[in-house]
Amino acid sequence: FARPDIRMVEARMRAADANIALARARILPSLDLSGQMGYASASIASLFQPQSLLVTTVGALAATIFDGGQRRGEKAFAESYYEEMLETYAKTVLQAVREVEGALAALRAAHRRVDAQKAATRAALNIYKHSHEALSVGAIDRLTLLEQRRQYQRSADESQRMKSELLRGYANLAYAVGLGSVLAVDANQTDKDSLQGGGDVMV
């Protein structure tokens, strides 16, 4: 599917998955010993003193431990949001499948109506042609011939209407599978390119 609603949910799922990885990484203690020792000591000699290393390391671990509840909550929230996006994605895809199936069913029905109307129009045309022959031998009057002609014209008009419905069915199918949005983007890009090209030609 190229439907924009499905692409949007997929993007949200990827973002939610990235948030889970980020929340999981935040739970673990991150220690930058070189940086911490650099700030905790005033000279190169004090960098390697046990008390300096102990203070900075314990401080970092304590901050992570006391903040662990919040970070675990963030991870749980990210996981629940990802599960929600999974359910939303499944519902969106199911709705898209239903719309495509409905568009296909409508298209098949439109094809059957067009075929039936074509047959009716051919029959009305044959009757109209035979009416000309009947008029020439005096079997019918001109009023009957005109009535047969009106019947044929109405049938031809109905055939054109059925063809329009068939084309509308193809358009509905294209939008159901997401081709409508792709074509719209291509058309907009073509318009922009043509405008830019026209601007270059103008003096």
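From a predicted model like this one, the values you see are computed outputs, not experimental measurements.

### Quick look at the overall build of the chain
When helices and strands are counted, the chain shows seven helices and zero strands. Looking at the 203 residues of the chain, the share that counts as buried comes to 23%. On the chain, roughly 14000 Å² of surface is accessible, and the fraction owed to carbon and sulfur atoms is 61%.

### Re the side chain of Ser159
One can find Ser159 in helix α6 (residues 142–177). Aside from chain neighbours lying at most four places away, what touches Ser159 is Gln117, Lys118 and Thr121.

### A word on α6
End to end, α6 covers 53 Å across 36 residues, agreeing with the expected 52 Å (1.5 Å per residue, within 8%). What α6 keeps buried is the set Leu145, Ser155, Ser159, Met162, Leu166, Gly169, Leu173, Ala174 and Ala176. Of the residues one or two after α6, Gly178 is the one with positive phi, at around 95°.

### Section: the environment of Ala18
If you trace the backbone, Ala18 turns up in helix α1 (residues 4–27). For Ala18, a relative accessible area of 46% translates into the label partly exposed.

### Some thoughts on the side chain of Ser155
Topologically, Ser155 is positioned in helix α6. Judged by relative accessible area, which is 10%, Ser155 ranks as buried. Residues within four places of Ser155 in sequence aside, it is in contact with Gln117, Ala120, Thr121 and Ala124.

### A few points about the packing of aromatic side chains
Counted under the stated rule, the structure contains one aromatic pair. Aromatic pair Tyr128 and Tyr152: ring centres 6.4 Å apart, planes at 5°, arrangement stacked. On the criterion of sequence distance, the pair formed by Tyr128 in helix α5 (residues 68–136) and Tyr152 in helix α6 is long-range, its members being 24 residues apart.

### Here's the deal with α1
In a regular helix each residue adds 1.5 Å, so 24 residues correspond to 34 Å; α1 covers 35 Å between its end C-alpha atoms and thus fits that length. For α1, the full list of buried residues reads Ile6, Val9, Met13, Ala16, Ile20 and Ala23.

### Some thoughts on the nonpolar core
A general trend in soluble globular proteins is that nonpolar side chains are found buried together. Counting nine residues, the largest nonpolar core is built from Val100, Ala103, Leu107, Ala110, Val114, Met162, Leu166, Leu173 and Ala176. It is α5 that contributes the most residues to this core, five residues altogether. Dropping the residues within four chain positions of it, Val114 is found in contact with Met162, Lys163 and Leu166.

### With respect to the environment of Lys163
Structurally, Lys163 can be placed in helix α6. Residue classification places Lys163 among the partly exposed residues on the basis of a relative accessible area of 33%. Sequence separation between Lys163 and Arg113 is 50 residues, and the spatial gap between their C-alpha atoms is 9.0 Å. Apart from the residues within four sequence positions on either side, Lys163 is in contact with Val114 and Lys118.

### A closer look at the confidence of the model for the chain
Should pLDDT be low for a region, the predicted coordinates there are not to be read in detail. Across the chain, the average pLDDT comes to 77, with 67% of residues at 70 or higher. Within the chain, α6 carries the highest mean pLDDT (94), whereas helix α2 (residues 33–40) carries the lowest (46). Confidence over residues 33–48 falls short of pLDDT 50; this stretch has 16 contacts with residues more than four positions distant or in other chains. A low-confidence stretch, residues 198–203 (pLDDT under 50), is modelled with zero contacts involving residues beyond four sequence positions or located in other chains.

### A few points about the pattern of salt bridges
Within this structure, the stated rule accounts for eight salt bridges. Between Lys75 and Glu79 there is a salt bridge whose closest N-O contact spans 2.5 Å. Here the residue Lys75 and the residue Glu79 both occupy positions in helix α5, the gap between them amounting to four residues, near one helical turn. For Glu79, a relative accessible area of 28% gives the class partly exposed.

Each value, and the rule that gives it
- Residues numbered from 1 in each chain as written.
- Predicted model: local features only at pLDDT ≥ 70, side-chain atom pairs only at ≥ 80, totals over all residues.
- Heavy atoms only, no water.
- Helix = DSSP H or I, 4+ residues; strand = E, 2+ residues; numbered from the N terminus.
- Buried < 20%, exposed > 50% of the residue type's maximum accessible area, 1.4 Å probe, protein only.
- Areas by Shrake-Rupley, 256 points an atom, 1.4 Å probe, with all protein chains shown as cover.
- Contact = heavy atoms within 4.5 Å.
- Expected span 1.5 Å × (residues − 1).
- Phe/Tyr/Trp six-rings, centres within 6.5 Å; stacked < 30°, edge-to-face > 60°.
- Core = buried A, V, L, I, M, F, W, Y, C linked by side-chain atoms within 4.5 Å.
- pLDDT = per-residue confidence, 0-100.
- Salt bridge = Lys/Arg side-chain N within 4 Å of Asp/Glu carboxyl O.

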